Amino acid sequence: MKPKIAILATGGTIAGVIDDAITTTGYKAGALNIEVLLDAVPQIKEFATIVGYQISNIDSSNMSNEIQLNLAKKINKLLTKDEIDAVVVTHGTDTMEETAYFLNLTIKSDKPVILTGAMRPSTAMSADGSKNLYNAVALAINEKSKNKGVMIVMNDRILSARAAVKTHTLNLDAFSSPNFGDLGYILDGKVYFYNTIEKLHTKNTPFDIDHLEDLPKVDILYTYSNDGSGVAAKALFENGTQALVIAGSGSGNIHENQKNILKELMKKNLIVAISSRIQVGEVILSKEDEDFGFICAQNLNPQKARILLMLALTKTKNSKIIQNFFQTY
Ligand code: SIN
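Parameters at a glance
Residues numbered from 1 in each chain as written. Predicted model: local features only at pLDDT ≥ 70, side-chain atom pairs only at ≥ 80, totals over all residues. Heavy atoms only, no water. Helix = DSSP H or I, 4+ residues; strand = E, 2+ residues; numbered from the N terminus. Rg over C-alpha atoms; globule rule 2.2 N^0.38 Å. Buried < 20%, exposed > 50% of the residue type's maximum accessible area, 1.4 Å probe, protein only. Areas by Shrake-Rupley, 256 points an atom, 1.4 Å probe, with all protein chains shown as cover. UniProt positions renumbered as here; feature names shortened; annotations may be inferred. Phe/Tyr/Trp six-rings, centres within 6.5 Å; stacked < 30°, edge-to-face > 60°. Lys NZ or Arg CZ within 6 Å of the ring centre and 35° of its normal. Core = buried A, V, L, I, M, F, W, Y, C linked by side-chain atoms within 4.5 Å. Domains from an automatic or database assignment. Arc of directions from axis to C-beta. Contact = heavy atoms within 4.5 Å. Pairing = 2+ DSSP bridges. Right-handed = clockwise from strand over helix to strand, strands pointing away. Axes fitted to C-alpha atoms, helices over the stretch in contact; angles between N-to-C directions. Left-handed = near helix turned anticlockwise from the far one by under 90°. Nonpolar A, V, L, I, M, F, W, Y, C, P; charged D, E, K, R; others polar.

**Quick word on the overall build of the protein chain**
Each helix and strand in the protein chain was counted, giving nine helices and 14 strands. Taking 20 Å as the expected radius of gyration for a compact globule of 329 residues, we find that the protein chain reaches 20 Å, a close match to that expectation. Dimensions of the protein chain, computed from the C-alpha atoms along their principal axes, are close to 60 × 45 × 35 Å. Expressed as a percentage of its 329 residues, the buried residues of the protein chain come to 53%. Summing over all exposed atoms, the protein chain offers an accessible surface of approximately 14400 Å²; the carbon and sulfur share of this is 48%.

**Focus: the environment of Asn226**
Relative to the assigned elements, Asn226 resides in the loop between strand 11 (218-222) and helix 5 (231-238). Asn226 gets classed as exposed once you look at its relative accessible area, which sits at 74%. In the structure, Asn226 is positioned 71 residues away from Ala297 in sequence and 23 Å away in space, judged by C-alpha atoms.

**A few points about the UniProt feature "domain: L-asparaginase N-terminal" (unreviewed entry) in the protein chain**
Look at the UniProt record and you will see "domain: L-asparaginase N-terminal" (unreviewed entry) annotated at residues 4-196. Split by type, residues 4-196 is 23% helix and 24% strand. Its first and last C-alpha atoms lie 26 Å apart.

**Things to note about the packing of aromatic side chains**
For any pair of aromatic rings, the description rests on two quantities: the centre-to-centre distance and the angle between the ring planes. All chains considered together, the criterion is met by five aromatic pairs. For the ring pair Phe207 and Phe325, a centre distance of 5.2 Å and an interplane angle of 80° mean the geometry is edge-to-face. With Phe207 in the loop between strand 10 (190-193) and strand 11 and Phe325 in helix 9 (residues 319-328), this pair connects stretches of sequence that are 118 residues apart. Plain terms: the ring middles of Phe325 and Tyr329 are 5.9 Å apart, the flat faces sit at 45° to each other, and that makes the pair tilted. As far as burial versus exposure is concerned, Phe325 and Tyr329 are alike and both buried. Positioned above the aromatic ring of Phe193 is the side chain of Lys148, whose terminal nitrogen or guanidinium carbon lies 4.4 Å from the ring centre. For the cation-ring pair, Lys259 lies above Phe294, with the distance from its terminal atom to the ring centre recorded as 5.9 Å.

**Let's talk about the nonpolar core**
One finds Ile75, Val87, Phe102, Leu103, Leu308, Leu309 and Phe326 to be the most contacted residues of the largest nonpolar core, which totals 52 residues. With eight residues, helix 8 (residues 302-313) is the single largest residue contributor to this core. For this core, the two domains that each supply at least three residues are domain 1 (4-204) and domain 2 (218-328). Ala9, Leu38, Ala86 and Met151 belong to the second largest nonpolar core, which has 30 residues in total.

**A closer look at helix 9**
Taken residue by residue, helix 9 has Ile322, Gln323, Phe325 and Phe326 as its buried positions. Seen from one end, helix 9 has its buried residues packed into an arc of 155°, which puts them on one side. Its buried side turned inward, helix 9 meets strand 13 (271-276), strand 14 (295-296) and helix 8.

**Some details on the UniProt feature "active site" (unreviewed entry) in the protein chain**
Under the UniProt annotation, the feature "active site" (unreviewed entry) is placed at Thr13 and Thr93. The largest pairwise C-alpha distance within this set of annotated residues, which runs over 81 residues, is 7.5 Å, so the set is compact in three dimensions. You can see Thr13 is positioned in the loop between strand 1 (4-11) and helix 1 (34-39). In contact with Thr13, not counting residues within four places along its chain, are Tyr27, Ala29, Gly92, Ala118, Met119, Arg120, Pro121 and Ser122. Looking at where Thr93 falls in the secondary structure, it is placed in the loop between strand 3 (86-90) and helix 3 (96-106).

**Let's talk about the pairing of strand 4 (residues 113-116)**
Because side chains alternate across strand 4, one face comprises the buried residues Val113 and Leu115, and the other comprises Ile114 and Thr116, equally buried. Pairing of strand 3 with strand 4, which is carried by four bridges, proceeds in the parallel orientation. Among the inter-strand pairings, Thr90 is bridged to a residue of strand 4, identified as Thr116. The β-α-β motif built from strand 3, the intervening helix 3 and the parallel element strand 4 has right-handed crossover chirality. With helix 4 (residues 129-140) bridging strand 4 and its parallel neighbour strand 5 (residues 151-154), the resulting β-α-β unit is left-handed.

**Thoughts on the packing of helix 3 against helix 8**
Helix 8 packs onto helix 3 with a crossing angle of 30° between their chain directions and a minimal axis gap of 9 Å. The hand of the helix 3/helix 8 crossing is right-handed. Counted together, Glu97, Glu98, Tyr101, Phe102, Leu105 and Thr106 of helix 3 and Gln303, Lys304, Arg306, Ile307, Leu308 and Leu311 of helix 8 form the full contact between these two elements. Across the contact of helix 3 with helix 8, the residue classes tally to six nonpolar, two polar and four charged.

Shown next, in the form of structure tokens:
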């Protein structure tokens, strides 16, 4: 019997359309529905039975906590069924790494969960969506894909959700794993794994979203020269933000005026995690900042640090426990 794969569509360029085969920008993302996406890749039905669901149909720059929660709940529900062997999610590439990491922390199953998308709209003469979807289904049915955490397949690369970063705005080869390396490679549906990542995921995290309707409000502040007024930090805090991720300079540095304002807000229970605006490498905190309660995001980029911090806040406000989450996941 063929494996049964659920394909959940959320929108993105893979479902994008423009009335001209040459143009690869300015198209409408999230225009085609799941049936059209599946009809474009009839080959996948030769090795899998497919069931399709439309979760949303958006440009992923409009991704929300609500859609991410609904998606995770739907996947958890599907994967409890014996007849579903794996899930593939089609997603816009702009925030794919955030949704992938969210699912990596909240899916409670060993079965494969793979995200894929496209850099070129479905109407382009060089559209990449169909081959990416074919590869994602081939990866989903591979025995070795179990218990690897959530994965992304783009441009023949197999990337861990923990490691994957969108590193090019337009190129077909838009994703890489700057800190860890990719998990493997997939060539015409043939899977080659060559790497593992030790960070815990899926069943080995404490995050249970099945009964959550919303997530704690966490925002990101970007660091730059002359950045010392603290206006944005104060405004966000007054607007209900529970925690901030700072995209610090270098190894996680912050203008001293800004840091003093953050410290004042932390005395009023704001949680602050420090990441970096640099793509590769670790953030290092001084002993003094650690003792004050700043959390070190280590090598998680700001947008993924926000995801972990939101989930952490569903469990605790204790900065030492949250720091431990950043070390573990
Ligand atoms: C989006 O993220 O929805 C648009 C861009 C893309 O999918 O490549």
